[in-house]
Amino acid sequence: MPQYTNAKYVSGIFGQEPSTIQVDINGVLSFVPMADDNTDYQNIMILVAEGKLVIAPADGT
Amino acid sequence: MPTLPISIPYTFAASTTSIPLSYLDSNFSTLTTALNGIGSGTTPLTSVTITGGTITGVSGVPTLDANNNLSIAGVVQMGSSFLRNRIINGAMAIDQRNAGAAQTITTAAAAYTVDRWLASCTGANVTGQRVAGSGSTQYRYQFTGAASVTAINFTQRIEQLNSYDLAGSTITISVDLANSLLTSVSWALSYANSADTFTSTTAISSGTFTVSSTVTRYNVQVLLPAAATTGLQLQLSVGAQTSGTWTIGNVQVEAGTIATPFERRPQGQEFLLCQRYYEQDLLTNGPAGYVAFSWNGITTNGALYFGTRPFQVAKRASPTVLILNNYRVGFNTPAINTTSISSFMASAIANTGGDSAFGFTWSASAEL
């Protein structure tokens, strides 16, 4: 599994609920869609469930 | 019905007594029955050699000429399809991420190498690289070992949509392998525990190929369980590759029990197949001018500006988008706000106002 660090939600451009997570994947700025069929999202959810990763709120929330 | 060779019941040569004519009838009857059986197909011919000449007046039989060219009047109905290789980029030719450059595989995290192939290692980092092949094979993939390495894995995951039909049937795995240090390469086949989710898998079968330093083609047949409908994972592995090289090429997974020759798809077609899972745009315009995605205009300080970018090929799933390098004049760091299988939307907040721009190079991954 890649390394996921510095995770936070990203709001929609019109202030909608976040549909993306900003996270560094192996140190590279990345944006993971909150989609069940996305492998990175699956991995992130496992890490969150195991208490190994916390996703910060979106900026301005 | 008699079987071949035919055995005649009675012999007449060297006879010293009178023989009933019914014996002669019995001999003729045996021959007649056998010949009629051959004509009707009820007496099986197990091996027929035809030297010269041609077969004529027979329908439903293909012809094979002296140059081994096969001709058939109708269509060929196969148990599999012509596009039979379920592995994508089995020839290792597509290398979007590294363009043939060497890549360090670290023990910390698995990494994609040539397109669709995931590498990992334990014990110590290793180097992987697309290398020149030999003969009619242009490329292969090669790992270079290092001290303290305890294992290297090279994996491809086949999505559910491309493997569902294989469940409950026998498949054949073929691969070119060589190793300058080790004499065995392990293979393992498993299926995802839920559709296209390989965070946990169920083992199907595994084994070992005995290899040498000479590239040799190997194959193995595997009966898939009926439950293997959720996507397949093929993993090739070696142990303590503490030096030397491990070479892999022309990987094929196909329906059926026969290892057919490696299927070479056109490069354009193979590239599109790869882009279903990974795509990148590295366009730059001068030093630090990362403009693969770019926005330019007159801005108001503090306002949000955005744009969308379609993908070349629709993705398997909404992909993860990486901002590889970015370029900003009067903007904060850009972000990806939303992604679909066909495009992404990026935005940035102006931090000065006036003539401003932002851009970045990016990749999108929907790998399994």
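Residues numbered from 1 in each chain as written. Chains lettered and ligands numbered in written order. Predicted model: local features only at pLDDT ≥ 70, side-chain atom pairs only at ≥ 80, totals over all residues. Heavy atoms only, no water.

Student: Quick question: what am I supposed to make of the sheet that holds strand 11 (residues 197-210) of chain B here?
Tutor: Residue and element names in this part refer to chain B. Across the sheet, six strands lie side by side as 4-5-8-13-10-11; this open sheet has antiparallel pairing. Both outer strands of the open sheet, strand 4 (111-112) and strand 11, are each paired with one neighbouring strand and no more. Bridge analysis of strand 5 (residues 118-122) against strand 8 (residues 151-158) gives five bridges, and the strand direction is antiparallel. Among the inter-strand pairings, C121 is bridged to a residue of strand 8, identified as I152. (Pairing = 2+ DSSP bridges. Helix = DSSP H or I, 4+ residues; strand = E, 2+ residues; numbered from the N terminus.)

Student: Is there a simple way to explain the domain arrangement of chain B in this structure?
Tutor: Note: interface size is frequently given as the accessible area lost on complex formation between the parts. Splitting chain B by domain gives domain 1 (7-76), domain 2 (103-268) and domain 3 (278-365). For domain 1 of chain B versus domain 2 of chain B, the separation of C-alpha centres amounts to 49 Å. (Domains from an automatic or database assignment.)

Student: When you look at the layout of surface pockets in this model, what are you seeing that I'm missing?
Tutor: Empty space among the atoms becomes apparent when a probe as large as a water molecule is rolled across them. Taken as a whole, the largest pocket holds about 1,200 Å³ of empty space. P2(A), N26(A), A110(B), A111(B) and Y112(B) are, among the 48 residues lining the largest pocket, the residues nearest its centre. Grouping the constituent residues of the lining of the largest pocket by class yields 21 nonpolar, 22 polar and five charged. The residues that make up the lining of the largest pocket include at least three from each of domain 2 (103-268) and domain 3 (278-365) of chain B. If you add up the space inside the second largest pocket, you get close to 370 Å³. Every element with two or more residues in the lining of the second largest pocket is listed here: strand 1 (4-10) of chain A together with strand 19 (335-339) and strand 20 (343-349) of chain B. Grouping the amino acids of the lining of the second largest pocket by side-chain chemistry returns ten nonpolar, seven polar and two charged. (1 Å grid on protein atoms, 1.4 Å probe; cavity = no way out; pocket = protein on both sides within 12 Å on 5 of 7 lines; lining within 4 Å. Points joined across faces, edges and corners; volume = space filled by probe spheres on them. Nonpolar A, V, L, I, M, F, W, Y, C, P; charged D, E, K, R; others polar.)

Student: So what exactly am I meant to see when it comes to the sheet that holds strand 6 (residues 126-132) of chain B here?
Tutor: Picture the strands of a sheet paired through backbone hydrogen bonds; they go either parallel or antiparallel. All names here are of chain B. Read from one edge to the other, the open sheet built from six strands follows the order 3-6-7-14-9-12, with strand pairing classed as antiparallel. The sheet terminates laterally at strand 3 (103-105) and strand 12 (216-223), the two strands that pair on one side only. Strand-to-strand twist of the sheet, defined as the mean angle between neighbouring strand axes without regard to direction, takes the value 30 degrees. Inspection of the sheet shows strand 3 paired to strand 6 by three bridges, in the antiparallel sense. Following the sheet pairing, I105 is matched in strand 6 by V126. (Axes fitted to C-alpha atoms, helices over the stretch in contact; angles between N-to-C directions.)

Student: Is there a simple way to think about helix 1 (residues 39-49) of chain A in this case?
Tutor: For the α-helix, the turn length of 3.6 residues means that residues three or four positions removed from each other point alike. The set of residues buried in helix 1 of chain A consists of T39(A), D40(A), Y41(A), Q42(A), N43(A), I44(A) and L47(A). Elements in contact with the buried residues of helix 1 of chain A: strand 1, strand 2 (20-25) and strand 3 (28-33) of chain A together with strand 11 and strand 18 (320-329) of chain B. A distance of 2.8 Å separates the backbone nitrogen of D40(A) from a side-chain oxygen at the start of helix 1 of chain A, and that oxygen is part of N38(A). Looking one or two residues past helix 1 of chain A, G51(A) carries a phi angle of roughly 75 degrees, positive in sign. (Buried < 20%, exposed > 50% of the residue type's maximum accessible area, 1.4 Å probe, protein only. Contact = heavy atoms within 4.5 Å. Polar contact = N/O pair within 3.5 Å; in protein donor to acceptor, adjacent residues only side chain to side chain.)

Student: Hey, could you run me through the pairing of strand 15 (residues 278-281) of chain B in this one?
Tutor: Each regular strand displays side chains that alternate between the two surfaces of the sheet. Residues and elements named next belong to chain B. Both faces of strand 15 are covered, namely the face carrying Y278 and Q280 and the face carrying E279 and D281. In this sheet, strand 21 (residues 354-365) lies alongside strand 15 in antiparallel orientation, the contact comprising four bridges. Bridge pairing in strand 21 links D281 to W362.

Student: Help me out: how do you make sense of the packing of aromatic side chains in this one?
Tutor: Aromatic ring pairs are reported here in terms of the distance separating the ring centres and the angle at which the planes meet. Residues and elements named next belong to chain B. Following the criterion strictly, the structure yields 20 aromatic pairs over all chains and no others. Ring geometry for Y141 and F154: centres 5.0 Å apart, planes at 10 degrees, overall stacked. Taken together, the residues Y141 in strand 7 (residues 139-144) and F154 in strand 8 connect sequence positions 13 residues apart. Exposure class is identical for Y141 and F154. Each is buried. Here the aromatic rings of F344 and W362 are separated by 5.1 Å at their centres, their planes lie at 75 degrees, and the arrangement is edge-to-face. Placement of the pair is F344 in strand 20 and W362 in strand 21, with a sequence separation of 18 residues. One exposure class covers both F344 and W362, and it is buried. Above the face of the Y277 ring, R116 is positioned so that its terminal group lies 3.7 Å from the ring centre. (Phe/Tyr/Trp six-rings, centres within 6.5 Å; stacked < 30°, edge-to-face > 60°. Lys NZ or Arg CZ within 6 Å of the ring centre and 35° of its normal.)

Student: What's the story with the environment of I248(B) in this structure? I'm lost.
Tutor: Residues and elements named next belong to chain B. Position of I248 relative to the elements: it lies in strand 14 (residues 245-255). Separated by 157 residues in the primary sequence, I248 and A91 have C-alpha atoms spaced 9.1 Å apart. Apart from residues no more than four positions distant in its own chain, I248 is found in contact with M92, R140, Y141, F143, F154, V175, D176, L177 and L236.

Student: Help me understand the interface of chain A and chain B, please; the structure alone is not making it clear to me.
Tutor: Counting residues at the interface gives 26 residues for chain A and 29 residues for chain B. Each partner contributes to the roughly 1,900 Å² buried at the junction of chain A and chain B, and carbon and sulfur atoms together form 55% of this total. When residues of chain A are sorted by the area they lose upon contact with chain B, I13(A), L29(A) and F31(A) head the list and together hold 32% of the total. Between chain A and chain B we count zero salt bridges in total. Linking chain A with chain B are eleven residue pairs in polar contact (both at pLDDT 80 or more). Elements with a contribution of two residues or more to the side of chain A that touches chain B: strand 2, strand 3 and helix 1 of chain A. Sorting elements by how many residues they give to the side of chain A that touches chain B places strand 3 of chain A first, with six residues. In terms of strand pairing, strand 3 of chain A meets strand 18 of chain B through two bridges, oriented antiparallel. Residue pairing for strand 18 of chain B: F31(A) is matched across the bridge by V321(B). (Buried area = accessible area lost by both parts, 1.4 Å probe. Salt bridge = Lys/Arg side-chain N within 4 Å of Asp/Glu carboxyl O.)

Student: Hey, could you run me through the pairing of strand 2 of chain A in this one?
Tutor: All names here are of chain A. Of all six residues in strand 2, six are buried, a share of seventy percent or more. Bridging between strand 2 and strand 3 involves six bridges; their strand directions are antiparallel. Its bridge partner being in strand 3, Q22 is matched across the sheet by F31. Adjacent in sequence and paired antiparallel, strand 2 and strand 3 are bridged by two residues, among which N26 carries a positive phi angle near 50 degrees.

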